[in-house]
Amino acid sequence: MARSALLHTMVEAARKAGRSLNRDFGEVQNLQVSLKGPGDFVSQADHKAEQILFTELSRARPGYGFLMEERGEIVGDDDQHRWIVDPLDGTTNFLHGLPVFAISIALERQGQIVAAVVYNPAMDELYTAERGGGAFFNDRRIRVAARKTMAEAVIGTGIPHLGRKRHGHYLVELRNVMGEAIGIRRLGCAALDLSWVAAGRMDGFWEEPLSPWDVAAGILLVREAGGYVSDKNGGQTMFESGSIVAGNEHIHQALMKQLTKPLPEAR
Ligand code: IPD
Ligand code: CA
Ligand code: CA
Ligand code: CA
């Protein structure tokens, strides 16, 4: 598969940051780690990878803006383009030696996501997409799974690290989905959750709350793989509300139905 110059740039940046993450993953016990908020760790590895991505992407496309997890918003001279970057999605997994983490890079043009790269350097698994050009896993075209019913579906989710009240709400959702799906998975890396839906490894995914850098690349990957993405009410407020639901058209609909349903009566 011949990659566009844009995707080539993004993949090279991701691979370079990936080499840095793999080096740090090999000696994770020596990394400086701090806590940004409840359950939200950041390490030297996150910062180093982010610096590499910032340097490489700014060099390739001077003037584009950035939205990065650790540095936040960087306004560029070019107000039409913005990189949305998570330098290490799955920091908790990374710090526990679990090889389920990824670099996520999306390019937004006039508010629309037009290119996406998600790269898991520990497994050397690369997911790429360009708007209108399909989605790929290690250069092989991918499609969302074809399963039509929740009774056949494996569904990914994320368990929010929030207060009890909010968890109560999540537990209702979880219970409703558990009642229908064949199995639930919690990877701990939203960018890979969405990539795995795009690749048909999981049939659907939902989580709330997530940030734009967790989902921007994954949204394009799922769509370019023929899938559907929305917030849990079917709207397109994923960046603003932090709610996301993904799957093929059947599972996406079935998941939304479960997520908006009240808790069934205890039997
Ligand atoms: C986290 C991961 C995790 C999700 C969290 C995110 P981080 O990102 O995507 O799967 O459940 O909500 O914050 O902090 O490891 O980049
Ligand atoms: Ca984080
Ligand atoms: Ca993240
Ligand atoms: Ca992160």
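Residues numbered from 1 in each chain as written. Chains lettered and ligands numbered in written order. Predicted model: local features only at pLDDT ≥ 70, side-chain atom pairs only at ≥ 80, totals over all residues.

Going by what an unreviewed UniProt entry lists, the protein chain is known as Inositol-1-monophosphatase and is assigned to Mesorhizobium liriopis.

1. Quick look at the packing of helix 1 (residues 5–25) against helix 2 (residues 44–60)
Running from N to C, helix 1 and helix 2 point in directions that differ by 160 degrees, and their axes come no closer than 9 Å. In this view, helix 1 runs roughly antiparallel relative to helix 2, as classed from their interaxial angle. For the element pair helix 1 and helix 2, the recorded crossing hand is right-handed. Contacts from Thr9, Glu12, Ala13, Lys16, Ala17, Ser20, Leu21 and Asp24 in helix 1 reach Gln44, Ala45, Lys48, Ala49, Ile52, Leu53, Glu56, Leu57 and Ala60 in helix 2. For the contact of helix 1 with helix 2, the per-class residue count stands at nine nonpolar, three polar and five charged. (Axes fitted to C-alpha atoms, helices over the stretch in contact; angles between N-to-C directions. Helix = DSSP H or I, 4+ residues; strand = E, 2+ residues; numbered from the N terminus. Parallel < 35°, antiparallel > 145°, perpendicular 65-115°, else oblique. Left-handed = near helix turned anticlockwise from the far one by under 90°. Contact = placed C-beta atoms within 7 Å. Nonpolar A, V, L, I, M, F, W, Y, C, P; charged D, E, K, R; others polar.)

2. Let's talk about the domain arrangement of the protein chain
Here the protein chain is partitioned into domain 1 (5–142) and domain 2 (150–259). On a C-alpha basis, the centroid separation for the pair domain 1 and domain 2 is 21 Å. At the level of elements, strand 3 (64–68), strand 5 (78–89), helix 3 (91–95), strand 6 (102–109), strand 7 (112–120), strand 8 (125–130) and strand 9 (135–137) are the ones that each hand at least two residues to the side of domain 1 that touches domain 2. Ranked by the residues each element gives to the side of domain 1 that touches domain 2, the list is headed by strand 7, at five residues. (Domains from an automatic or database assignment.)

3. Some remarks on the nonpolar core
The biggest cluster of nonpolar side chains holds 83 residues, and the ones touching the most others in it are Ile105, Leu194, Ala198 and Leu221. Of all the elements, helix 6 (residues 212–224) adds the most residues to this core, at eight residues. The residue makeup of this core includes at least three contributed by each of domain 1 (5–142) and domain 2 (150–259). Once residues within four sequence positions are removed from consideration, isoleucine 105 is found in contact with Met10, Ala13, Ala14, Leu53, Trp83, Val85, Val117 and Ala217. (Core = buried A, V, L, I, M, F, W, Y, C linked by C-beta atoms within 7 Å. Buried ≥ 20, exposed ≤ 12 C-beta atoms within 10 Å, placed from the backbone.)

4. Describing the environment of glycine 247
The residue glycine 247 is located in strand 15 (residues 244–247) in this model. Distance in space between the C-alpha atoms of glycine 247 and valine 75 is 33 Å, their sequence separation being 172 residues.

5. Structural notes on unusual backbone geometry
Residue proline 209 is bonded to the preceding glutamate 208 through a cis peptide linkage, with omega at 5 degrees. Positionally, proline 209 belongs in the loop between strand 13 (204–207) and helix 6. The phi angle at glutamine 110 is positive, at roughly 45 degrees, despite the residue not being glycine. Here the phi dihedral of aspartate 124 falls at roughly 50 degrees; this positive angle occurs in a residue that is not glycine. Note on aspartate 124: 11 C-beta atoms within 10 Å, which makes it exposed.

6. A look at the site of ligand 1
Neighbouring residues of ligand 1: 14 residues in total, closest Asp89, Thr91, Gly158, Gly188 and Ala190. Mapped onto the shell around ligand 1, the elements with two or more residues apiece are strand 5 and helix 3. Tallied by class, residues from the shell around ligand 1 come to three nonpolar, five polar and six charged. When residues are assigned to domains, the shell around ligand 1 turns out to be shared by domain 1 (5–142) and domain 2 (150–259), each giving three or more. (Near = placed C-beta within 6 Å.)

7. Notes on the packing of helix 5 (residues 190–198) against helix 6
Axes are the key here: two packed helices are described by the angle between their axes and the distance separating the axes. Direction vectors running N to C along helix 5 and helix 6 enclose 0 degrees, while the axes themselves pass 8 Å from each other. Between helix 5 and helix 6, the angle is such that the two are roughly parallel. Together, Ala190, Ala191, Leu194, Ser195, Val197 and Ala198 of helix 5 and Asp214, Val215, Ala217, Gly218, Ile219, Leu221 and Val222 of helix 6 make up the contact between the two elements. Each residue belonging to the contact of helix 5 with helix 6 can be placed in one class, and the counts come to 10 nonpolar, two polar and one charged.

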